[in-house]
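# Summary of the model geometry
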Amino acid sequence: VAAIFCIVALFVGMALYQSQAHKHRPIILLGTVLALCGVGLSRSTGALLCAVVSLALVLGIIFKHQMSAHRKTIMFALLGLPVFLIGFRGCEALQISSQERLLNWQGAWGIIEHHFLTGVGPGGFSAAYEMFRPMGSNITRYAHSFPLQLTAELGLLGGLMALTFYGAILVQWW
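Cut-offs applied
- Position labels on residues start from 1 in each chain and follow its written sequence.
- Whole-chain, interface and lining totals are the exception, using all residues; otherwise, since this is a predicted model, local features are given only for residues with pLDDT of at least 70 and side-chain atom pairs are given and counted only at 80 or more.
- Based on all heavy atoms of the structure, the side-chain values leave hydrogens and waters out of the count.
- Numbered from the N terminus, helices here are DSSP runs of H or I no shorter than four residues, and strands are runs of E no shorter than two.
- Using a 1.4 Å probe on the protein chains alone, a residue whose accessible area is under 20% of its type maximum counts as buried, one over 50% counts as exposed, and one in between counts as partly exposed.
- Each accessible area is a Shrake-Rupley result for a 1.4 Å probe, and residues are judged covered by the shown protein chains and nothing else.
- What makes two residues a contact is simply this: any of their non-hydrogen atoms within 4.5 Å.

Now for the overall build of the protein. Scanning the protein from N- to C-terminus turns up seven helices and zero strands. The buried share of the protein, reckoned over its 174 residues, is 32%. Carbon and sulfur atoms form 71% of the exposed surface of the protein, whose accessible area is close to 11600 Å².

Right, let's talk about unusual backbone geometry for a bit. Here His144, not a glycine, exhibits a phi torsion of approximately 60 degrees, which is positive. Look at His144 and you get partly exposed, because its relative accessible area is 31%.

Quick look at the side chain of Asn104 now. Relative to the helices and strands, Asn104 resides in helix α5 (residues 91-114). Judged by its relative accessible area of 1%, Asn104 falls in the buried class. The residues touching Asn104, leaving out its near neighbours within four places in the chain, are Tyr129, Asn138, Thr140, Ala143 and His144.

What follows concerns the environment of Gly119. Among the secondary structure elements, Gly119 is positioned in the loop between α5 and α6 (125-132). Its relative accessible area of 9% is what places Gly119 among the buried residues. Apart from residues lying up to four places away in sequence, Gly119 is in contact with Thr151, Ala152, Glu153, Leu154 and Gly155.

Okay, structure coming up:
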């Protein structure tokens, strides 16, 4: 959750950097760097990869008409950072994380199968997961899948309604 707030802060900082007077840019830039450090400190590889790749893409969109060779180099470096991170954390750590996610999803499916209509209630995933946790899986409070988490907590109808709501927001925003 902290990583999500840091990612949002990154994009708020970028938007402010584009719109504010030049005298405030160093402060906004510092805040953006601190938010990126917060993502790193969360130790969430997925959040870090998401932040870096989306940051590079947004910068590419913002500066696509003004791209000098220097800026292109910076953008390619940002896009190459995930490859570095994979090498830094190691493929084995990523493989273990992937296996844990699959087991988390399997546990979420167990909750959905047993609480098909009503779910376990908002915020009830972590307690219910303990009863449906597969052998060898990690202890977690989240399904690490937004649709599975919603459906496990709200039931099939509630999950579909919530996903429809979020889908409608995305369609309106797009």
